[in-house]
Structures are given as structure tokens and as C-alpha cells.
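Single-letter residue listing:
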Amino acid sequence: MLTLLRYGWRVARGSTVIVVALAVADAVAQALFTLTIGLVVAAVPAFLAGVTDRSAMVALFAAFAALFLLTKVLPPLQAASAHRLGNVAGLDVYLRMAGPMAGGARVAHVEDSVVLDQAERAAGTGGYQITWSLGQVPNLLGARLTVLSSAAVLGALTEWWIAAALVVLVLAAERWRVRFVRDEVAAWATSTESERKALYPFELALGDAPTELRVFGLKDWLVRRYLRFWTSAMDELWRSRRRGYLLGSAPLVLSVLVNAGAVAWVIVAAQSGRLGLAAVASSITAILAISGSGTPEIAALVARGVAAYRAMMELPAVIAERHPHPAGPAADLGRAPARQIRLERVGFRYPGSDRDVFTDLDLEIGAGEALGLVGVNGAGKTTLTKLIAGIYPPTSGRVLVDGVDLATLGPDDLARWQRQVAPIIQEFARYPLSLDDNVALGARRPLTDADRARIAERSGVADLLPDLAQGWDTVLDKEWTGGTDLSAGQWQRVALARALFAVDCGAKLLILDEPAAALDVRAEARLVDQYLNLTAGITSMIISHRFSVVRDADRICVLDGGRIVESGTHPELIMLGGRYATMFGLQAARYTSGPVNGSGDE
Ligand SMILES: Nc1ncnc2c1ncn2[C@@H]1O[C@H](COP(=O)(O)OP(=O)(O)OP(=O)(O)O)[C@@H](O)[C@H]1O
Ligand SMILES: [Mg+2]
């Protein structure tokens with residue numbers, strides 16, 4: 001509980017102070033109420049006998065009513081302040097998760113199952129959320145303070161050892177219950193991969209692939225898959241939880257006996273005249289308050305949140321340890337490439353993979369050069385763009401930008417280089433934002449009217465504008481009011497617009513990975529016509545299986561077997577009569593005379 005209170009203090013000082021102050025006030029009110037009950041009970045016979053006068057009785061009753069009211073008003077206030085604390089903490093949890101996961105200049109950590117499991121534990125799927133537990137902290141704190149204040153009343157009225165015994169019993173019962181939560185947390189920690197597997201069909205069922213889901217009739221498969229993984233994730237956890245609920249509640253029997261003993265002691269003391277009526281009433285109320293404040297289940301909830309909290313706080317260290325990215329010597333690539341990008345004997349294999357994508361790859365791209373890159377599916381074209389953008393460091397060899405080895409750059413310098421890259425990623429993101437935001441995202445300034453006119457014309461977005469009800473402000477997502485969705489080719493134009501605007505805003509390397517895959521013939525022809533104009537004055541890489549798109553590049557490289565096997569202009573490569581010429585011939589023949597016999601991946 002103290003761990004979560006300290007966390008609350010860090011994220012929402014005001015709310016935490018209010019939570020603690022209300023818990024203290026509640027405990028004090030509870031103790032005074034306990035005493036007042038005794039006084040009221042004792043005063044009634046005296047009042048009936050005419051010993052106590054009316055005004056004293058009214059004052060006593062008013063105090064009783066006020067304290068009663070207070071004990072009813074304080075809990076909802078506590079709940080409200082706990083709720084507020086939970087809300088603020090919810091934001092903080094998001095930032096602490098998104099920071100390490102979405103941060104850094106590289107991506108290997110978000111593909112690492114150990115990191116993903118740690119993040120899953122931090123997110124608290126399966127009932128371990130920090131914010132839930134934080135919401136329970138005021139209840140637990142209030143209960144603890146009430147135990148102490150009621151014990152003080154009981155000790156003062158009866159014997160201190162009785163009060164101490166009851167307090168020890170309550171705390172021991174809580175500790176005993178929390179012990180089982182630790183086993184449960186250990187079981188939960190091993191189930192996160194199954195949980196992540198269950199999450200996939202869950203999200204798919206909620207609408208991630210609505211058409212395929214229906215056409216292939218996947219609903220039952222999804223439900224079965226979800227049940228299988230969720231059950232397997234929860235099986236061990238629930239076995240452990242059941243044990244916790246059953247064995248963890250064992251002290252209840254002892255608690256009934258000890259409380260009955262304490263009440264019996266009070267009755268015996270009353271019979272022997274050692275306790276008056278007021279003391280008897282207050283003592284029994286205090287005994288009930290102490291046992292009623294024993295909250296093992298709340299303690300269990302808080303313990304679960306502490307486990308998620310620890311996982312969250314360890315997340316950055318886990319990432320740093322498994323994917324270190326130390327700050328290297330400072331290098332400013334803020335205006336690069338001014339001379340060239342050079343790959344020297346680059347070898348690369350994806351983390352966790354047993355297959356090399358590149359072996360001994362050498363390539364130089366001069367500043368201002370427009371490079372075309374072709375190769376069969378899986379040849380490594382997209383991977384090459386990731387190495388150049390520094391998203392992955394090579395496994396061997398070096399990627400140099402103006403002579404600076406990207407692998408030696410610290411995270412901030414590498415991020416500065418990445419701001420120089422304007423890409424159409426092959427699997428580009430479709431942001432559920434307005435057209436305007438979709439284009440301006442990632443650039444350094446908002447769009448002006450002149451930008452919109454220019455970019456719309458060059459990217460082909462102009463063709464789709466008449467269909468957008470709110471023009472550039474139309475949200476490109478049907479799930480939003482007034483929103484709409486685009487066709488694949490229309491989205492591709494938006495992605496091109498985004499990359500072109502990033503170049504307008506200063507990016508120096510344009511990467512177009514399959515920019516024409518979904519374009520219609522007219523749009524592709526326009527892209528080809530504009531290509532030299534779009535890439536004038538900057539360095540660029542264009543990747544496409546459509547040879548018409550790459551043929552105007554200053555130089556074309558063929559990637560095969562993990563290295564560059566051919567390099568030259570389109571006429572040079574045709575003359576060479578190698579792989580490029582074969583692939584080009586195959587595609588051209590298909591266009592001119594329909595299907596041809598023979599194999600070809602292009
Ligand atoms: N994140 C990844 N983890 C492990 N292997 C990967 C990953 N991404 C790609 N690969 C593998 O790396 C190889 C190169 O993939 P890449 O995407 O670079 O090919 P490509 O030339 O762009 O192909 P395409 O023409 O289909 O776009 C493939 O064998 C692929 O299976
Ligand atoms: Mg690719």
C-alpha cells in the first residue's frame with residue numbers, strides 16, 4: 001500500500017493528500033462515533049430516570065447525529081478522491097508505457113516477446129491494473145486507520161492486550177491472504193504470452209478485418225481461438241486464485257473465535273461491575289469496527305496492483321538491458337546526406353531470426369542521386385530502407401551517412417537523422433485523422449493553402465478532394481461522425497502527399513517503397529512523369545515491382561541473395577542482359593502479348 005501511496009504522491013500530490021486526509025478524518029470520526037454510541041446508550045436510562053437534563057441529552061444526540069452523518073459522508077468523498085487519483089494515474093501509466101514502448105530510435109524492443117510480456121504485465125490485463133488498485137488504496141488506508149483508532153478506544157476502555165490481540169489478528173489475516181496473491185502473480189507472469197495471443201482474435205472480432213471475417217466465415221474460429229488462449233492464460237491463474245480465496249480466508253474462523261472471546265470478556269467485566277454501560281456499548285462497537293475493518297480482499301487487490309506497478313517501473317530497465325542504445329560521440333546529421341550514404345559489407349539478420357537477409361552488401365548512394373531498387377519478394381528491399389533509416393543496426397558491416405556510422409549514433413542523434421528521411425513505408429499507416437493531419441503528420445509545420453494546392457496536385461490527392469465532404473478537414477475514418485474511408489489507391493496518394501510534404505519541410509532523403517502498388521494506370525503514369533521532378537534536389541530511393549516506375553531513376557540496383565548483383569541505368573542493365581533485363585522482359589512481354597510461359601517472381 002505504501003508503494004502505491006508513494007506513487008500517488010508522485011503523480012497527483014493534491015489528490016493523494018486529500019485521500020490521506022479523508023482517511024484520517026474517517027478514522028477519527030469512527031473512533032468518536034464509537035465513544036458517542038456508548039455515551040448515548042448510557043445516557044438514555046439516566047435521562048428516563050430524570051437524572052440527565054433535556055439540553056444535555058439533546059447536545060449528546062446532536063453530536064451522535066453529526067458523527068453518524070460524517071461517517072456516511074466521508075466514504076463517498078473518499079471514493080470520489082480515489083477515483084480522481086485513479087484517473088490521473090491512468091494518464092501517467094499510459095505515458096510510462098508509451099514512453100519506453102514507442103520511444104527510442106529503433107524497433108527491435110517492440111518485436112521482443114520478453115519486452116512485450118513485461119509490457120503486458122505492466123498494463124495489468126486480467127485484473128491487475130494499477131489504477132484499479134490505486135482506487136482501493138483509500139479503502140485500505142481508511143480500514144487500517146479505523147483499526148488503530150478503534151483499538152485505541154477499546155484499549156483505553158478495556159485492556160490494551162485485548163486491543164493489541166485484535167489488531168494483530170486483523171493484520172496477520174491480511175498478510176496471510178496477500179501471501180497467496182504472490183503465488184497468483186507468479187502464475188500470471190507466465191501466462192502473458194497466451195494473453196497476448198487471446199487479444200488478437202478479440203480485436204479482430206471487434207472490427208479489425210470486417211470483410212475477411214465474413215467472407216471466410218471466421219467468426220467461430222475466432223471465438224474458439226480466443227477461448228483457447230484466454231482459458232489457457234487464465235487456467236493456472238484461476239487455480240492459484242481459488243487456492244488464495246479458500247486457504248487465504250482460513251483466518252476467518254480464528255477471527256470469529258477471538259472476537260467472540262473479546263465480547264465475552266466485556267460481558268464478564270460488565271457483570272463484575274468493572275465496566276459501565278457506556279464502556280460496554282463503546283467497547284462492543286469498537287470490537288465490531290476492528291473486525292469489520294479487516295479487509296483481506298482489498299489488500300489482495302492492492303497487492304495485485306503493486307505487482308503491475310513494479311512491472312511498469314521495470315519496463316524501461318528491461319528494454320535498456322535487452323536493447324542497449326548508448327549515447328555515442330555527438331554527430332549532427334541534421335542536414336545529411338550532403339555527400340553520400342554508404343553501406344559497407346553490410347550483413348543483417350532480424351533479431352531472433354536464423355536467416356541472413358544481407359551478407360556482404362556494398363552500396364553507395366550519392367547525395368542528390370535518384371536510386372531505383374528492384375528484387376523479388378523477400379529480397380530485402382524494405383529491410384534495406386530500414387537499415388538506412390537506422391531502424392535496425394546492421395549485424396555486421398557499417399551504414400555510413402556522410403561518413404558517420406549510424407550504429408555509433410546515440411538515440412537523439414539517430415532520431416535527428418530519421419527526421420531527414422521522408423518515407424512511404426510499404427505498409428504505411430492509415431491514421432484516423434483529417435486529410436490535413438494525415439499529410440502534415442511528421443512534418444515540422446502545419447499546411448498552408450499554398451502547400452495544400454501544391455501537394456494535392458503532385459500527389460494526386462486533388463482527384464479525391466471533390467468527394468470529401470469537408471475537404472481537407474474530412475476525417476479519413478468511417479468510425480467517426482462525418483468521417484469517410486478511402487480506397488487503397490487513394491490512401492497511397494495520401495501517403496505520397498505525406499512524404500512529399502515532409503520533403504518540402506526539409507527532409508533530405510525520400511524513400512518510396514512500392515508507391516504505385518495500388519495506383520491506377522493514370523496515377524501511375526503521372527507518378528512516372530513527375531518522378532524526376534519530385535526527386536530533384538534531394539536524395540531518393542524508389543522501390544517497385546513495376547519497372548515503369550523505376551526505369552527513370554539515375555541508377556537502378558538489383559538486390560538478390562543478400563547483395564547488390566547489378567547496378568546501372570535502365571539502358572545499361574538492359575544491355576547487360578542479366579537479371580534486370582530478364583525480369584523487365586518478362587513484365588514487358590506480359591503487357592504486350594498476355595501471359596507467357598516460364599517462372600518469374602515479378
Ligand atoms: N520484422 C521481421 N522479422 C524477421 N524477419 C523479417 C522481418 N521483416 C522481414 N523479414 C524477412 O526478411 C526478408 C526480407 O524482407 P523484406 O520485407 O525486406 O523484403 P522485400 O524485398 O521488401 O519484399 P517485398 O517485395 O515483398 O516487399 C524476408 O525473408 C522476410 O521474411
Ligand atoms: Mg518490401
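Residues numbered from 1 in each chain as written. Chains lettered and ligands numbered in written order. Predicted model: local features only at pLDDT ≥ 70, side-chain atom pairs only at ≥ 80, totals over all residues. Heavy atoms only, no water.

### What about the packing of helix 2 (residues 13-48) against helix 5 (residues 130-157)?
Interhelical geometry of helix 2 versus helix 5 gives an angle of 30° and a closest axis separation of 8 Å. In terms of their interaxial angle, helix 2 and helix 5 are classed as roughly parallel. Helix-helix and strand crossings are classified by hand; for helix 2 and helix 5 the assignment is right-handed. Note on element contacts: helix 5 touches helix 2 through Pro138, Leu141, Gly142, Leu145, Thr146, Ser149, Val153 and Leu157, opposite Val19, Val20, Ala23, Val24, Ala27, Gln30, Ala31, Thr34 and Leu35. When the residues that make up the contact of helix 2 with helix 5 are grouped by side-chain class, the tally is twelve nonpolar, five polar and no charged. (Axes fitted to C-alpha atoms, helices over the stretch in contact; angles between N-to-C directions. Helix = DSSP H or I, 4+ residues; strand = E, 2+ residues; numbered from the N terminus. Parallel < 35°, antiparallel > 145°, perpendicular 65-115°, else oblique. Left-handed = near helix turned anticlockwise from the far one by under 90°. Contact = heavy atoms within 4.5 Å. Nonpolar A, V, L, I, M, F, W, Y, C, P; charged D, E, K, R; others polar.)

### A look at the site of ligand 1
Around ligand 1 sit 15 residues in total, of which Arg355, Lys381, Thr382, Thr383 and Gln426 are the nearest. Here an oxygen atom of ligand 1 sits 2.9 Å away from a polar atom, N or O, in the main chain of Gly378. Here an oxygen atom of ligand 1 and a side-chain polar atom of Gln426 are 2.8 Å apart. Here ligand 1 has 640 Å² of accessible area as a free molecule, and 68% of this is covered by the chains. (Near = heavy atom within 4 Å. Polar contact = N/O pair within 3.5 Å; in protein donor to acceptor, adjacent residues only side chain to side chain. Areas by Shrake-Rupley, 256 points an atom, 1.4 Å probe, with all protein chains shown as cover.)

### Examining the coordination of the magnesium ion (ligand 2)
For the magnesium ion (ligand 2), the protein coordination sphere consists of Thr382 (OG1) and Gln426 (OE1), at 2.0 Å. In this pair, Thr382 sits in helix 13 (residues 381-388) while Gln426 sits in the loop between strand 6 (421-424) and helix 15 (435-440), placing the two residues 44 residues apart along the sequence. (Donors = N, O, S within 2.8 Å, 3.2 Å for Na, K, Ca; no water.)

### Focus on the packing of helix 6 (residues 160-189) against helix 10 (residues 251-271)
Where helix 6 meets helix 10, the axes come as close as 11 Å, and the angle between the chain directions of the two elements is 170°. Considering the angle they form, helix 6 stands roughly antiparallel to helix 10. In this structure, helix 6 contributes Trp161, Ile162, Leu166, Leu169, Ala173 and Trp176 to the contact, and helix 10 contributes Pro251, Leu254, Ser255, Val258, Asn259, Ala262 and Trp265. Partitioned by chemical class, the residues of the contact of helix 6 with helix 10 number eleven nonpolar, two polar and no charged.

### Looking at the domain arrangement of the protein
Here the domain parsing of the protein yields domain 1 (2-322), domain 2 (335-420 + 509-594) and domain 3 (428-507). Inter-centroid distance (C-alpha atoms) of domain 2 to domain 3 is 25 Å. In this complex, domain 2 contributes 18 residues to the contact, which on the side of domain 3 involves 15 residues. Summed over both sides, the interface between domain 2 and domain 3 buries roughly 1300 Å², with carbon and sulfur atoms accounting for 52% of that surface. Taken as a group, Ala518, Arg526 and Leu534 account for 33% of the area that domain 2 buries against domain 3, more than any other trio of residues on that side. At the junction of domain 2 and domain 3, the tally comes to two salt bridges. Residue Arg493 is joined to Asp520 by a salt bridge in which the shortest nitrogen-to-oxygen separation is 3.4 Å. (Domains from an automatic or database assignment. Buried area = accessible area lost by both parts, 1.4 Å probe. Salt bridge = Lys/Arg side-chain N within 4 Å of Asp/Glu carboxyl O.)

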